[in-house]
Amino acid sequence: MFIYLSKKIAIPNNTRLRCVSWNRDQGFIACGGEDGLLKVLKLEIQSGGDNKIRGLAAPSNLSMNQTLEGHSGAVQVVTWNGHYQKLTTSDQYGLIIVWMLYKGNWYEEMINNRNKSLVRSMAWNADGQKICIVYEDGAVIVGSVDGNRIWGKELKGYQLCHVEWSPDGKLLLFGMSNGEIHLYDSQGNMCSKLAIYCLTNVTGAVQITGIDWYNGLQGYIEPNCPTLAVCFDNGRAQIMKHENDENPVLIDTGMQVVQIQWNNTGSALAVAGSQKSAQQDKDINVVQFYTPFGEHMRTLKVPGRSMSAVSWEGGGLRIALAVDSFIYFANIRPDYKWGYCANTVVYAFTKPDRMEHCVVFWETNTTERHIKYVRNLISVTAYGDHCVLATRADETTGQVVGSVSSMPLGQTLSMETEFNLYVLVLCNSIGTPLESKYIDIEPQYVAVTKTHVIAASKEAFYVWQYKTPKKLTAMEVNQALGKKKDNRERVYHIDDTPSGAGEGLLDFSKAFAPTRDPICSVCASDKLLIIGRESGTLNRYSLPHVALVNKHTVNCRPHSISLNCNSSRLAIIDIAGLLTFFDLDAKWVNQDGQEIQGQHLDFERKDVWDMKWAEDNTELFAMMEKTRMYIFRNLDPEEPILSSGYICHFEDLNIKAVLLDEILKDPEHPNKEFMMEMEIKSLRDTRDLLDKVGIEDAAQFIEDNPHPRLWRLLAEAALENLDLKMADQAFVRCRDYQGIEFVKRLGNLQSETMRSAEVAAYFKRFEEAERMYLDMDRRDLAVNLRIKLGDWFRVVQLLKAGSGGGDDTQLIQAWNAIGDYYADRQKWSNAVQYYVQGNNQERLAECYYMLEDFIGLQKLADGLPENHKLLPELGAQFVTVGMCEEAVQAYLKCNQVKKAVDCCVELNQWDQAVELAKTHNIKEIDSLLARYAAHLLDKDKKLQAIELYRKANHFIEAAKLMFQIAEEYAKKKEKPQRTKKMYVLGALLIESYHEQMKLMSKLKAKSNRKAEASSALAGLLEEEALATSDMKIIDNAWRGAEAHHFFLLAQRQLYQGYVDASMKTCLRLCDYDDIIDPVDIYSLLALAACANRAFGTCSKAFIKLESLGSATPEQHEQYEKLALEIFTKHAPKDSRTNKTECHTCENMIPDTTSLCPNCEAKFPTCVVTGRPIMDYQVWMCSTCKHQAFEGEIQNQTMCPLCHASIKSGPY
């Protein structure tokens, strides 16, 4: 940071000031002094329309200067409540007045006087709800913002002198006159004493001069940053992270302190007081500035006899100092973390709700913002197209000293770790990390060139030769991957003398050796590296080999150094803001006759806080001196420009600067108005000469003050006047080859109007150029102009408007270009209209696909000729959306049968795949089908495998799998209805197999032109030959379905009370004991027979149950007990036996039998009732071929067995 005095306000009657306080929210300044003096001032910056004089550079004046009457004694304490716009003051007699703002003036709101003791300190809490007042006699009062007393307390035996709230308002810190600090909770209960570490080895009485606890309302510069500052009058201070911090930052300021205060972000602590002058015997007033970590930043010397108070402005850019009867104001130029690369301003700030730094990459031309969050950010450095973020590695991912790979990344660093790990991240202009490096030295000073990143600590420096992806060749990438050691990184100790012959390998072990002359600044160019040391020594190294070329000495401590564009001159700003220059190439002879290279030039400028060399001129540079920007040519200044901007870039006689102060007021919404662009005087003068005098005089002026930008300006003016000779000379002087060629082309044109039109187009006045072309009746030139510009909409208008302005080829080109315009913006429907007119089938396909207009895509495919190059692409698009039929047509149209088959396989359309394979003699389909089915079965996806076989017309394999699933369900004896359905599905697959075989035999018979009557027999013979191994499955296809159907039917009949029908169904069920558990069958038969009083049948069922080998002894015993109980009451005979006539042998047989004992005729079973069918007139299902009584089936809509729909009468 840099600080300088900017303004002084005198208090009337030379009244001595005692205190000053700056309201950080509204900007009011309250100052109190002797004889009851109390003033409220407001210093406002007059911001005009010119953005160059915004901020601190703008003139300021007092918009309020009100004297408040009410105190009779010296006002000693003033404190603001910014939330509620209240001012609280107290004088030497203990009178407290609360002031309020009403209609632009301050009035008394409340008065309080204890009349016992004087008020030593007052403090509002962070939200402005409570105030704590401490009296010298130990009295403490806590009140609310509306004047009510919350609590009071007498701290007997103590004299109080200070009070401070904790940021959360839960603690109060009371400073005692004996130097102790006591902690109380917000209700007045004693908690503990604050440990004072800074007074170790101090003897004598000390007084507390300040307690300030930063409230964190604007975030923290680092996580776990020290915020509680305590200072004593002897200059000793400590900064703590919290009230129990046992390792605080200790500072010895070496001065008599009167007051301390944090700035608005907690990044700088101002310590005001006085110290002994080395040259004079008297004390001088000084303000020292420290970071939260105790690092000294700046010293401000203030005139006057005695300083009494200090206060920061709310934005942290100004500070008010009460000295004698004056208020001094000092402007502060903070060291923002910022940089500029590729028209992008990169800046960092903190948010209260996040521990990371928010880094904004703001593209100033397009105003696009890219935001990144970075933990533990140390600095931002930018150059050219790149930006380097230096960060401290997180403790959870850090590594200990040594090589980068010496410790696993997950290891946590302990507090006792001697060295931290740091990271350098190389980013592009939108914040994308390109490369990063871990280093063990703290990057306190960072410099960037086009090829190198240099990071330096106090003792050593690290050189990294980076490579960006766009510059890497494929060979370099492969080499980089193959190498384990990277020689692009080197580390040197500042006391080393490298020769450039390969020293400085990546070994950080020597980088921590102490040095008597630490590093204090670094800068670099493409060929030089300059490192400044605190003694004034400048180490000069060559790049890229890093050889120590020379050591120069200057009589100052270089705080900031910068090389000009050809590395011949070095600009040096020392710690006091003094700018000097060092000529690196100058040679002179000293008193001893030795020739010395490098000379400190006799040039000085004071109060300089920023400077920038021109990128294209060794003699030009711009510098910021207080609130003025000076441009120097050969060390001669131009007229200053009022500005407070930070200089970004200086090239082509044009300076870009950014008003970071204004941006950081609302950092998330930067405004383009905060970018300043200024022309230097020679450029402004040249413009005036060209506008008001003439080209000849301007040419002479430029000859005397040559610069490529001025020659270019002259060339442009000469072109406007069609002075081709002068334009040619000017383009030659500024080395603009394209301009020279353009002038030659103009010289070949005969028409003045044509030349004027070309010049208008050259200066991007395209409308004017087009109008000239049309006036000359050269519509073709107007069309070509618009084609070059890519303005295809205007091209179409011009082509349609004229009769001979263009041809169909140009119109088609224009339609397609407009289609590309809409497609690039993803406006696919608009693009389709123009691609149709341009007959661009490839892009049409893309648009249809993006619009999901698959009908349009299909029409496009149908309209393409055979073997068109777009057909395979269309087929692939159809595949991605599951449109198999359309994909197959597209592939077949371009003779890619293999891809058509693969498409069917991918979409699981195996029937179509098999058909295509057979039609086109592709043999791999069966092996592929088997392999895919095995894959599904390995994953236990049997149903998917069944569907696969079914679609591929492999019905036998599908049926086998279905019967396996059905058997698994049958073994579980759960949900027999579902088990029956599984068997039915398997049987239906067998029926599909039969139909397939019949169809194949018919097709063969038809192709061989044989009699159609023989086709059925041929089909059966082929079926038998093909399925010999699977005959059991084919012959017994419906057996499992029948078993479970009758099992369910018998139980349904039994529960409905049809016990006779249930018994007959159970008798049929006995034939299926290989499918259903015999225990279940005969148990059900015994139950139904017993209910039907057919005890003979029941007895047979019991005998069968007892004879089953699977029954346990306990079950045998239960069977015997139950049989004994039944048959002791009932004889084992059927109560009735119904007989019917066999329709074959006409003998009478029992109606329960399915086989005639005389002629051995078999009777089918009715699937509705379960009874044997002995009639001739029966109904047969067309699907499963099972029969039923005609009378029974009339009430059914579906076949009871296979559930097929019943469409007609008997079969």
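Quick caveat: nothing in here was measured; it's all calculated off a predicted structure.

**Looking at the overall build of the protein chain**
Piece 1. Of the regular secondary structure elements, the protein chain holds 31 helices and 60 strands.
Piece 2. By the compact-globule yardstick of 33 Å for 1211 residues, the protein chain is too spread out, its C-alpha radius of gyration being 50 Å.
Piece 3. Along the longest, intermediate and shortest principal axes, the C-alpha atoms of the protein chain span 150 × 105 × 70 Å.
Piece 4. By the burial criterion, 50% of the 1211 residues in the protein chain qualify as buried.

**Focus: the pattern of salt bridges**
Piece 1. By the definition in use, this model includes 50 salt bridges.
Piece 2. The partner of Glu489 in a salt bridge is Lys437, with the nearest N and O atoms 3.2 Å apart. Remark: Lys437 occurs in strand β36 (residues 433–439) and Glu489 occurs in strand β40 (residues 489–493); sequence separation between them is 52 residues. The pair formed by Glu489 and Lys437 is uniform in burial state, with each residue classed as buried.
Piece 3. With a closest N to O distance of 2.7 Å, Arg533 and Asp495 form a salt bridge. Taken together, the residues span a long stretch of sequence, with Arg533 in strand β42 (residues 528–533) and Asp495 in the loop between β40 and β41 (519–524) at a distance of 38 residues.

**Description of the side chain of Lys437**
Piece 1. Given the relative accessible area of 12%, Lys437 is considered buried.
Piece 2. Reaching out from Lys437, the side chain makes a polar contact with the side chain of Glu489 at a distance of 3.2 Å.

**Observations regarding the packing of helix α28 (residues 1078–1091) against helix α29 (residues 1095–1107)**
Packed helices, taken two at a time, are described by the angle their axes make and the gap between the axes.
Piece 1. Put simply, α28 and α29 touch, their axes get as near as 8 Å, and they point 155° apart. Classed by the angle they form, the pair α28 and α29 counts as roughly antiparallel. As for the relative orientation of α28 and α29, their crossing is left-handed in sense. Contacts between α28 and α29 involve Val1079, Tyr1082, Ser1083, Leu1085, Ala1086, Ala1089 and Cys1090 on the former and, on the latter, Phe1095, Thr1097, Cys1098, Ala1101, Phe1102, Lys1104 and Leu1105.
Piece 2. Of the residues in the contact of α28 with α29, the class split is eleven nonpolar, two polar and one charged.

**Observations concerning the sheet that holds strand β43 (residues 537–542)**
Piece 1. On the basis of which strands lie adjacent, the open sheet formed by four strands has the order β41-β42-β43-β44 and antiparallel pairing. Of all the strands in the sheet, just β41 and β44 (547–553) have a single pairing partner and so form its edges. Recorded for the sheet is a direction-independent mean angle of 20° between the axes of neighbouring strands.
Piece 2. By the bridge criterion, six bridges tie β43 to β44 in an arrangement that is antiparallel. Bridge assignment links Thr537 to a residue of β44, and that residue is Thr553.

**Brief notes about the environment of Leu781**
Piece 1. When you line up the elements, Leu781 lands in helix α10 (residues 779–789).
Piece 2. With 18 residues separating them in the primary sequence, Leu781 and Leu799 have C-alpha atoms 11 Å apart.
Piece 3. In contact with Leu781, other than residues within four places in its own chain, are Met754 and Tyr773.

**Details of the pairing of strand β29 (residues 338–341)**
Looking down a regular strand, the side chains alternate between one sheet face and the other.
Piece 1. Taking every second residue as pointing to the same face, both faces of β29 are buried, with Trp338 and Tyr340 on one and Gly339 and Cys341 on the other.
Piece 2. In this structure, β29 lies alongside strand β30 (residues 344–350), joined through four bridges in antiparallel fashion. Considered in β30, the bridge of Tyr340 is made with Val345.
Piece 3. Connecting β29 to the antiparallel partner β30 that follows it, the hairpin turn spans two residues, and Ala342 within it adopts a positive phi of roughly 50°.

**Considerations on helix α13 (residues 828–838)**
Piece 1. By the burial criterion, the buried members of α13 are Trp828, Ala831, Val832, Tyr834, Tyr835 and Gly838.
Piece 2. Check the buried side of α13 and you find it contacts α11 (792–801), α12 (808–824) and α14 (841–851).
Piece 3. A positive backbone phi angle near 55° is found at Asn839, which sits one or two residues after α13.

**What about the pairing of strand β31 (residues 357–363)?**
Piece 1. Most of β31 is tucked away, with seven of its seven residues classed as buried.
Piece 2. In β31, alternate side chains face the same way, and those of His357, Val359, Phe361 and Glu363 on one face and Cys358, Val360 and Trp362 on the other are all buried.
Piece 3. Where β30 and β31 come together, seven bridges link them in antiparallel fashion. From the neighbouring strand, Phe349 faces β31, where its bridge partner is Cys358.
Piece 4. Sheet topology note: the β31/strand β32 (residues 369–374) ladder contains six bridges and is antiparallel. If you follow Phe361 over to β32, its bridge partner there is His370.
Piece 5. A loop of five residues connects β31 with β32, the two strands running antiparallel in sequence, and Thr367 in this loop sits at a positive phi of about 60°.

**Some thoughts on the packing of aromatic side chains**
Given two aromatic rings, one states the distance between the centres and the angle between the planes to describe the pair.
Piece 1. Per the stated rule, a full pass over the model turns up 35 aromatic pairs.
Piece 2. A centroid spacing of 6.2 Å and a plane angle of 55° characterise the contact between Phe326 and Tyr328, whose relative ring orientation is tilted.
Piece 3. Here Phe326 falls in the partly exposed class, since its relative accessible area comes to 23%.
Piece 4. Here the guanidinium or amino end of Arg605 rests over the ring plane of Tyr630, the centre of that ring lying 4.7 Å away.

**Some remarks on the environment of Gly73**
Piece 1. Among the secondary structure elements, Gly73 is positioned in the loop between β5 (60–67) and β6 (75–81).
Piece 2. The exposure class assigned to Gly73 is buried, which follows from its relative accessible area of 2%.
Piece 3. Placed 22 residues apart in sequence, Gly73 and Leu95 show a C-alpha to C-alpha distance of 8.7 Å.

**Re the sheet that holds strand β9 (residues 105–113)**
The strands making up a sheet associate through hydrogen bonds between their backbones, and the pairing can be parallel or antiparallel.
Piece 1. With antiparallel pairing, the four strands of this open sheet are ordered in space as β6-β7-β8-β9. Because the sheet does not close on itself, it has two edges, and the strands there are β6 and β9. Geometrically, the sheet is characterised by an average inter-axis angle of 20° between neighbouring strands, direction not taken into account.
Piece 2. The pairing of strand β8 (residues 95–102) with β9 spans eight bridges and is classified as antiparallel. By the bridge assignment, Ile96 is partnered in β9 with Asn112.

**Some details on the state of the cysteines**
Piece 1. For the structure shown, the criterion picks out zero disulfides.
Piece 2. Here Cys31 stays unpaired: no disulfide links it, and the sulfur of Cys19, its closest cysteine neighbor, is 7.9 Å away.
Piece 3. In this structure Cys132 is not part of a disulfide, and its nearest cysteine sulfur, from Cys161, lies 13 Å away.

What counts and how
Residues numbered from 1 in each chain as written. Predicted model: local features only at pLDDT ≥ 70, side-chain atom pairs only at ≥ 80, totals over all residues. Heavy atoms only, no water. Helix = DSSP H or I, 4+ residues; strand = E, 2+ residues; numbered from the N terminus. Rg over C-alpha atoms; globule rule 2.2 N^0.38 Å. Buried < 20%, exposed > 50% of the residue type's maximum accessible area, 1.4 Å probe, protein only. Salt bridge = Lys/Arg side-chain N within 4 Å of Asp/Glu carboxyl O. Polar contact = N/O pair within 3.5 Å; in protein donor to acceptor, adjacent residues only side chain to side chain. Axes fitted to C-alpha atoms, helices over the stretch in contact; angles between N-to-C directions. Parallel < 35°, antiparallel > 145°, perpendicular 65-115°, else oblique. Left-handed = near helix turned anticlockwise from the far one by under 90°. Contact = heavy atoms within 4.5 Å. Nonpolar A, V, L, I, M, F, W, Y, C, P; charged D, E, K, R; others polar. Pairing = 2+ DSSP bridges. Phe/Tyr/Trp six-rings, centres within 6.5 Å; stacked < 30°, edge-to-face > 60°. Lys NZ or Arg CZ within 6 Å of the ring centre and 35° of its normal. Disulfide = S-S within 2.5 Å.

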